[in-house]
Amino acid sequence: LQLLTSGPTSEWSNISMFMLKAIGNAKKRVYIQTPYFLPTDSMLRALQAAALAKVDVRVMIPRRSDSAILTYASYSYVLECLRAGIKIYLYNGGMLHSKTMMIDEDLSSIGSANIDFRSFEHNFEINAFMYDCTSALILKEIFLSDQKDAELLHLKEWRMRPWYQKVMESVIRLFAPLL
C-alpha cells in the first residue's frame, strides 16, 4: 500500500504522475470510475495510447452528475476517447461517486482524486495505491457489477447526438481547466 498526496502546495502532481506511469505500463486492462472526467491533455493521451496499444481501457462516469455543467464538460471528452477505442460507460444507477482505478489486476487505487484538472493541480487530494491482486480483483468485480447498470457508448451513435448538446459540450470544454 502506498499513500500519495497532492495539492496546490506540492512541488509535483504526485497522483497524476503516478496514474500516468501506471496507465503507460498497462499490458491488459485499465478500468476507471470517476464522477468527473475532465482529463488533462497528458492523461487523455495516456489513455488513448493504451487503448491504441490494444489495452482494454474502460471509463465509467455518471450519466448525470450533480452538476449539468460538469456533465457537459465530461461529455466533451467522449468522442476523442471513443475514436481511440476507449470504452465509455454511462452509469444509470444514480450519481456515481467512485474514484477508482484498476490496472492489470495487480495495481489499484481508491481515493479522493477525480480524473480532472482540479484534482490533479488545485485540490488537496489523497489516494491509496494497492499493489496486490486481491484489491485489484475486488475493484474489477465492482466495476463489472456497476457495468450492468451502465450504457456502453458507441462511436456512430455518439456522433449523432443533438447539435445543441455538441455546442454545449464545446463551449463548456473551454472552461474545463477551471471547473
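Right above here is the structure, for reference.
Procedures and definitions
- All residue numbers refer to position in the chain's written sequence, counted from 1.
- Where local features are concerned, this predicted model is filtered to residues with pLDDT of at least 70; where side-chain atom pairs are given and counted, the filter is 80 or more; whole-chain, interface and lining totals use all residues.
- Computation of side-chain values: all heavy atoms of the structure, hydrogens and water removed.
- Nine residue types can take part in a nonpolar core, namely buried Ala, Val, Leu, Ile, Met, Phe, Trp, Tyr and Cys, and a core is a set of them joined through side-chain atoms within 4.5 Å.
- Exposure categories follow from relative accessible area, calculated using a 1.4 Å probe and restricted to protein chains: below 20% of the type maximum is buried, above 50% is exposed, and the middle band is partly exposed.
- A run of H or I in DSSP becomes a helix once it reaches four residues, and a run of E becomes a strand once it reaches two; helices and strands are each numbered from the N terminus.
- In this description, contact between two residues means that some pair of their heavy atoms is separated by no more than 4.5 Å.
- Two strands make a pair as long as DSSP finds a minimum of two bridges between them.
- Angles here are taken between N-to-C directions and fall from 0 to 180 degrees, while the axes themselves are lines fitted to C-alpha atoms, restricted in helices to the stretch in contact.
- Our angle categories are set so that under 35 degrees counts as roughly parallel, over 145 as roughly antiparallel, 65 to 115 as roughly perpendicular, and the remainder as oblique.
- Less than a right angle of anticlockwise turn of the near helix away from the far helix marks a crossing as left-handed, whereas a clockwise turn marks it as right-handed.

Chemist: Break down the nonpolar core for me, citing the residues and quoting the values.
Modeler: Among soluble globular proteins, nonpolar side chains are generally buried collectively. Ile23, Val30 and Leu47 are the most contacted members of the largest nonpolar core, which totals 43 residues. With 6 residues, helix α2 (residues 41-52) is the largest single contributor of residues to this core. Setting aside anything within four residues of it in sequence, one finds isoleucine 23 in contact with Val30, Ile32, Met43, Ala46, Leu47, Ala50, Met101 and Ile103. By size, the runner-up hydrophobic cluster in this structure holds 10 residues, among which are Met60, Tyr89, Tyr91 and Ala150.

Chemist: Describe in detail the sheet that holds strand β6 (residues 100-103), supporting the description with residues and values.
Modeler: Here we have 8 strands laid out as an open sheet, ordered β1-β9-β7-β6-β2-β4-β5-β10, and mixed in their pairing. The open sheet has two edge strands, β1 (2-6) and β10 (150-152), and neither has a second partner. Strand-to-strand twist of the sheet, defined as the mean angle between neighbouring strand axes without regard to direction, takes the value 15 degrees. Contacting β2 (29-33), β4 (56-62), β5 (87-91), β6, β7 (107-111), β9 (125-130) and β10, helix α6 (residues 133-147) crosses the sheet at an angle of about 65 degrees to β2.

Chemist: Go over the packing of helix α1 (residues 14-25) against α2, please, and point to the residues and values.
Modeler: At a minimum axis separation of 9 Å, α1 and α2 run at an interaxial angle of 15 degrees. For the element pair α1 / α2, the angle class is roughly parallel. You can see that α1 and α2 cross each other, and the crossing is left-handed. Along the contact surface, α1 presents Ser16, Met19, Leu20 and Ile23, while α2 presents Ser42, Met43, Ala46, Leu47 and Ala50.

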